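Observations on chain architecture
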Amino acid sequence: QQQVKQSPQSLIVQKGGISIINCAYENTAFDYFPWYQQFPGKGPALLIAIRPDVSEKKEGRFTISFNKSAKQFSLHIMDSQPGDSATYFCAASSSISSGSARQLTFGSGTQLTVLP
Amino acid sequence: GAGVSQSPSNKVTEKGKDVELRCDPISGHTALYWYRQSLGQGLEFLIYFQGNSAPDKSGLPSDRFSAERTGGSVSTLTIQRTQQEDSAVYLCASSLYQNTIYFGEGSWLTVV
């Protein structure tokens with residue numbers, strides 16, 4: 001019920017191509033879906049996030065598509081660049097108890113390599 | 001500070017020793033979280049604090065793990081009698097209520 005399933009585990013894309021990473025969840029209580037980007041030796045950094053009341057959110061080259069009925073969401077990276085090479089984690093969250101904190105449940109991560 | 005600060009950044013310890021990992025959250029952040037990331041794996045939720053209180057400790061892997069937060073700020077994660085399977089990156093994060101969760105760079109723990 002708490003799992004978030006992420007695919008693919010690894011992805012290789014040519015520079016300028018589109019990178020697509022998919023996630024699926026089961027818990028209908030999740031109400032916040034962020035994507036984190038992690039470079040080697042660094043902590044995860046928030047990239048973009050979406051709430052279930054919208055089906056798409058775009059920030060620059062990064063777009064989240066959200067399908068509430070299918071309980072799936074995906075990250076699209078347009079015009080992928082070598083600097084985008086990193087590990088990407090999807091996550092899902094629900095508010096905790098009194099609502100003053102959030103518990104993030106993470107997917108297993110996708111290692112993206114963008115070839116120059 | 002500007003971000004979540006963790007120390008030590010790297011720690012090598014002998015099996016059976018106790019270790020303390022420290023987290024200094026972003027100033028004013030009400031919630032503090034600990035996660036564990038094993039090599040090549042996702043992030044495993046350990047515990048969170050609302051102020052100084054940890055309402056749910058069920059994510060801690062065993063009773064060798066404990067955490068506290070004092071003054072609504074700094075938190076310490078303690079691992080007693082370390083085992084090799086405890087080797088991982090321990091990530092701390094903080095947020096202002098339910099807003100964006102910011103992560104530190106982690107404490108890399110190696111148990112030999």
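Structure's up top.
Definitions and limits used
Residues numbered from 1 in each chain as written. Chains lettered and ligands numbered in written order. Predicted model: local features only at pLDDT ≥ 70, side-chain atom pairs only at ≥ 80, totals over all residues. Heavy atoms only, no water. Helix = DSSP H or I, 4+ residues; strand = E, 2+ residues; numbered from the N terminus. Contact = heavy atoms within 4.5 Å. Polar contact = N/O pair within 3.5 Å; in protein donor to acceptor, adjacent residues only side chain to side chain. 1 Å grid on protein atoms, 1.4 Å probe; cavity = no way out; pocket = protein on both sides within 12 Å on 5 of 7 lines; lining within 4 Å. Points joined across faces, edges and corners; volume = space filled by probe spheres on them. Nonpolar A, V, L, I, M, F, W, Y, C, P; charged D, E, K, R; others polar. Patch = residues over 30% accessible without salt bridge, like charges linked within 9 Å, V, L, I, M, F, W, Y side chains within 5 Å. Areas by Shrake-Rupley, 256 points an atom, 1.4 Å probe, with all protein chains shown as cover. Salt bridge = Lys/Arg side-chain N within 4 Å of Asp/Glu carboxyl O. Pairing = 2+ DSSP bridges. Axes fitted to C-alpha atoms, helices over the stretch in contact; angles between N-to-C directions. Buried < 20%, exposed > 50% of the residue type's maximum accessible area, 1.4 Å probe, protein only.

This part is about the environment of Asp84(A). All names here are of chain A. Among the secondary structure elements, Asp-84 is positioned in the loop between strand 8 (72–77) and strand 9 (86–95). A sequence separation of 75 residues divides Asp-84 from Gln-9, and the C-alpha atoms of the two residues are 16 Å apart. When near neighbours in sequence (up to four residues on either side) are disregarded, Asp-84 contacts Gln-37, Arg-61, Phe-62, Ile-77, Asp-79, Leu-112 and Val-114. Polar contacts involving the side chain of Asp-84 include one to the side chain of Arg-61, which spans 2.8 Å.

As a volume, the largest pocket reaches approximately 680 Å³. In this structure, the largest pocket is lined by 30 residues; those nearest its centre are Thr87(A), Gln37(B), Leu39(B), Gly40(B) and Gln41(B). Broken down by secondary-structure element, the contributors of at least two residues to the lining of the largest pocket are strand 9 and strand 11 (110–115) of chain A together with strand 8 (88–95) and strand 10 (107–111) of chain B. Per-element tally for the lining of the largest pocket: the top contributor is strand 11 of chain A, with 4 residues. Its residues assigned to classes, the lining of the largest pocket shows 11 nonpolar, 17 polar and 2 charged.

A grouping of Ile18(A), Ile20(A) and Met78(A) is seen on the molecular surface, where their side chains present a nonpolar patch of about 240 Å² in accessible area. Within the secondary structure, Ile20(A) sits in strand 3 (residues 19–25).

Residue and element names in this part refer to chain B. Ordered in space as 1-3-7-6, the 4 strands form an open sheet in which the pairing is antiparallel. Edge strands, defined here as strands with exactly one partner in the open sheet, are strand 1 (5–7) and strand 6 (65–69). Each adjacent strand pair in this sheet contributes to an overall mean axis angle of 15°, direction not counted.

What follows is about the pattern of salt bridges. According to the stated counting rule, one finds 6 salt bridges over all chains in the structure shown. Among the salt bridges present, the one from Lys42(A) reaches Glu105(B), with a minimum N-O distance of 3.2 Å. One end of the pair, Lys42(A), is in the loop between strand 4 (33–38) and strand 5 (45–50); the other, Glu105(B), is in the loop between strand 9 (102–103) and strand 10, on a second chain. Since its relative accessible area comes to 42%, Lys42(A) is described here as partly exposed. Judged by relative accessible area, Glu105(B) falls into the partly exposed class, the value being 45%. For Asp84(A), the salt bridge goes to Arg61(A), with nearest N and O atoms at 2.8 Å. Remark: Arg61(A) occurs in the loop between strand 6 (56–59) and strand 7 (62–67) and Asp84(A) occurs in the loop between strand 8 and strand 9; sequence separation between them is 23 residues. Residue classification places Arg61(A) among the partly exposed residues on the basis of a relative accessible area of 27%.

Read these as spatial facts, not as claims about activity.
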